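Each chain, letter by letter, is given below.
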Amino acid sequence: MATQNKKQTQLIIGLIVVAAVLVAAIVIFATRSTGTTGQTTASTATSPTADMTGKTNAGTGATADTTPFDMESATRVPAGQTPAQFVEGYYKAVVAGDFAAAYQFLPQAKKQGQSQADFATQLKGYGITSFKMGATNTSGTTMTIEADEVAGSYGTFTTVWTFVQHNGAWLLKSKAVAGMR
C-alpha cells in the first residue's frame, strides 16, 4: 500500500511539473508572438516593438511608427508603378545588397528615425537572402501588402506594408514586421 501511495504521489508531482512547463511555454509563446496574424491593428501600428536582434529600431520595419502620418512628406509610389511593384523593388534591392536604394523605399518616418548607414549595417546583419510576396488586401483607399523575408539564421518574417491612396497617388504609410513563420 505504501508503494502504491508513493507511485501516486510521484505521478501527481510529475503531472504538476508538466503542467507548470506547459503554462510557462504558453506564456513565453504568447508574449513573443503578439501580432503574428499578419494584420496590422491599432495597437501594433502605434507601439514600438523589438527587432530581430531585440533592439528597438525605427529603420527597417521592425517597429511600428509612432510618428503621425504626414501625407505631404510621405514616401510616394512612383507614377506608373503599383504598390506591389514598389514592395518587390525594395526586396530586390535588399537581396542585391543595394541598401542605399532600399533605404529610399522606407516610410518617411523610418528614414527620419535611422540614417542610411545604420540601416545598411543592420540589414547586412540580418542577411536577407530571399523574399516572397504575400497577400494584398484593399479596403477603400487603404492597401496592405504582406511579404515574407528570409533573414539568414533569424528565419522567415512576415512584413506588412500599408499604403494610403491620396489625390490619385499611393503613399507608403508604414512597414512593420507582423510575425515570424
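Predicted model only: the values in this text are computed from it and were never measured.

Undergrad: Explain the side chain of Asp148 here, please?
TA: By the secondary structure assignment, Asp148 is in strand β3 (residues 142–151). In terms of polar contacts, Asp148 uses its side chain to reach the side chain of Thr158, at 2.7 Å.

Undergrad: Please explain the packing of aromatic side chains as it appears in this structure.
TA: Any pair of aromatic rings gets described here by the distance separating the centres and the angle formed by the planes. Applying the stated rule across the entire model yields 10 aromatic pairs. Residues Phe86 and Trp161 carry aromatic rings whose centres are separated by 6.3 Å and whose planes lie at 85° to one another, so their mutual orientation is edge-to-face. With Phe86 in helix α3 (residues 83–95) and Trp161 in strand β4 (residues 155–166), this residue pair connects regions lying 75 residues apart in the sequence. With centroids separated by 5.9 Å and ring planes inclined at 90°, the aromatic side chains of Phe86 and Phe163 adopt a geometry described as edge-to-face. Taken together, the residues Phe86 in helix α3 and Phe163 in strand β4 connect sequence positions 77 residues apart. Residue classification places Phe163 among the buried positions, given a relative accessible area of 0%. Here the aromatic cluster, defined as three or more aromatic residues joined through ring pairs, consists of Phe86, Tyr90, Tyr91, Phe105, Phe131, Trp161 and Phe163.

Undergrad: It is not clear to me how the pairing of β4 should be interpreted in this structure. Could you clarify?
TA: Regular strands have side chains that alternate between both faces of the sheet. The pairing of β3 with β4 spans 10 bridges and is classified as antiparallel. Looking across to β4, one finds that Ile145 is bridged to Trp161. Once β3 ends, the chain turns through 3 residues before running back antiparallel as β4, passing Gly152 with a positive phi of about 45°. With 10 bridges joining them, β4 and strand β5 (residues 169–180) adopt antiparallel strand pairing.

Cut-offs and rules
- Residues numbered from 1 in each chain as written.
- Predicted model: local features only at pLDDT ≥ 70, side-chain atom pairs only at ≥ 80, totals over all residues.
- Heavy atoms only, no water.
- Helix = DSSP H or I, 4+ residues; strand = E, 2+ residues; numbered from the N terminus.
- Polar contact = N/O pair within 3.5 Å; in protein donor to acceptor, adjacent residues only side chain to side chain.
- Phe/Tyr/Trp six-rings, centres within 6.5 Å; stacked < 30°, edge-to-face > 60°.
- Buried < 20%, exposed > 50% of the residue type's maximum accessible area, 1.4 Å probe, protein only.
- Pairing = 2+ DSSP bridges.

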